[in-house]
Amino acid sequence: MSSLLKNSLLISTYVISMLPVFFYGSCERLNLGLFFERDTRIDFFLLYYGISINYLIMAYCIHYPNNVHKSISRFILILCALDMVHLIIFAKQGLGILKIVFAITLLIVYEFYKKRYGKY
């Protein structure tokens, strides 16, 4: 798999995990499975399937780490750490876009210091 596709898959994990936010509070319901009837709200449907898809993407990239750019993996690490802080402090309410901007800023600052001062 090409490096662009693999890095795009890694970035898409965060977009996939943000999908349930757009449907929060919706009363529409969807069936989770094909053969068993268990309906749930659309935001939880997207949450469950999003988590499963993200695990598949991460497992694939861990199993085949060639062509994964280090800055992409750092960005995901920064976002996961900010996600944990967001969960602990704000219970994941609000500030989602600000978290992404902060993660991009931290990555840019890290890359700048790494280029300027060598290995960091």
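Since this is a predicted model, take the numbers as computed values, not measurements.

Quick notes on the rules
Residues numbered from 1 in each chain as written. Predicted model: local features only at pLDDT ≥ 70, side-chain atom pairs only at ≥ 80, totals over all residues. Heavy atoms only, no water. Helix = DSSP H or I, 4+ residues; strand = E, 2+ residues; numbered from the N terminus. Buried < 20%, exposed > 50% of the residue type's maximum accessible area, 1.4 Å probe, protein only. Polar contact = N/O pair within 3.5 Å; in protein donor to acceptor, adjacent residues only side chain to side chain. Expected span 1.5 Å × (residues − 1). Bend = angle between axes of the 7 residues up to and from the residue. Contact = heavy atoms within 4.5 Å. Phe/Tyr/Trp six-rings, centres within 6.5 Å; stacked < 30°, edge-to-face > 60°. Salt bridge = Lys/Arg side-chain N within 4 Å of Asp/Glu carboxyl O. Patch = residues over 30% accessible without salt bridge, like charges linked within 9 Å, V, L, I, M, F, W, Y side chains within 5 Å. Areas by Shrake-Rupley, 256 points an atom, 1.4 Å probe, with all protein chains shown as cover.

Some words on the environment of Arg29
1) Next: Tracing the backbone through its elements, the reader meets Arg29 in strand β1 (residues 29-31).
2) Next: Using a relative accessible area of 48% as the deciding quantity, one classes Arg29 as partly exposed.
3) Next: For the pair formed by Arg29 and Arg41, sequence separation is twelve residues and the distance between their alpha carbons is 4.2 Å.
4) Next: Side chain to side chain, Arg29 and Asp39 meet in a polar contact 3.3 Å long.

Here we look at helix α1 (residues 3-22)
1) Next: Taking 1.5 Å of rise per residue, 20 residues should cover 28 Å, and α1 covers 30 Å from first to last C-alpha, within 8% of that figure.
2) Next: Where α1 bends most, the angle comes to about 25°, and this point is Ser12.
3) Next: Packing partners of the buried residues in α1 comprise α2 (42-63), α3 (70-90) and α4 (96-117).

Focus on the packing of aromatic side chains
1) Next: Following the criterion strictly, the structure yields five aromatic pairs and no others.
2) Next: On the basis of an interplanar angle of 45° and a centroid distance of 4.7 Å, the ring pair of Phe45 and Tyr49 is categorised as tilted. Remark: Tyr49 and Phe45 occur in helix α2; sequence separation between them is four residues, near one turn of the helix.
3) Next: Taking the relative accessible area as the measure of exposure, Tyr49 reaches 39% and is therefore partly exposed.
4) Next: Between the aromatic rings of Tyr60 and Tyr64, the centroid separation amounts to 5.1 Å while the plane-to-plane angle is 50°, which identifies the pairing as tilted.
5) Next: The partly exposed category is assigned to Tyr60, whose relative accessible area is 28%.
6) Next: Its relative accessible area of 45% is what places Tyr64 among the partly exposed residues.
7) Next: An aromatic cluster is defined as three or more aromatic residues linked by ring pairs; in this entry it consists of Phe112, Tyr113 and Tyr117.

Quick look at the pattern of salt bridges
1) Next: Per the counting criterion, the structure on display carries three salt bridges.
2) Next: Of the charged contacts, one joins Asp39 and Arg29 as a salt bridge, the two residues approaching to 3.3 Å between their closest N and O atoms. Separated by ten residues along the polypeptide, Asp39 in strand β2 (residues 39-41) and Arg29 in strand β1 bring together distant segments of the chain.
3) Next: Where Arg74 meets Glu111, a salt bridge forms, and the shortest distance between an N and an O atom there is 3.2 Å. Residue Arg74 is located in helix α3, and its partner Glu111 is located in helix α4; the two are separated by 37 residues in the primary sequence.

Observations regarding a nonpolar patch on the surface
1) Next: A grouping of Met84, Val85, Leu87, Ile88, Ile89, Phe90, Leu95, Ile97, Leu98 and Val101 is seen on the molecular surface, where their side chains present a nonpolar patch of about 990 Å² in accessible area.
2) Next: Residue assignment for the nonpolar patch shows that the elements contributing at least two residues are α3 and α4.
3) Next: If one sorts the elements of the nonpolar patch by residue count, α3 sits on top with six residues.
4) Next: Along the chain, Ile97 turns up in helix α4.

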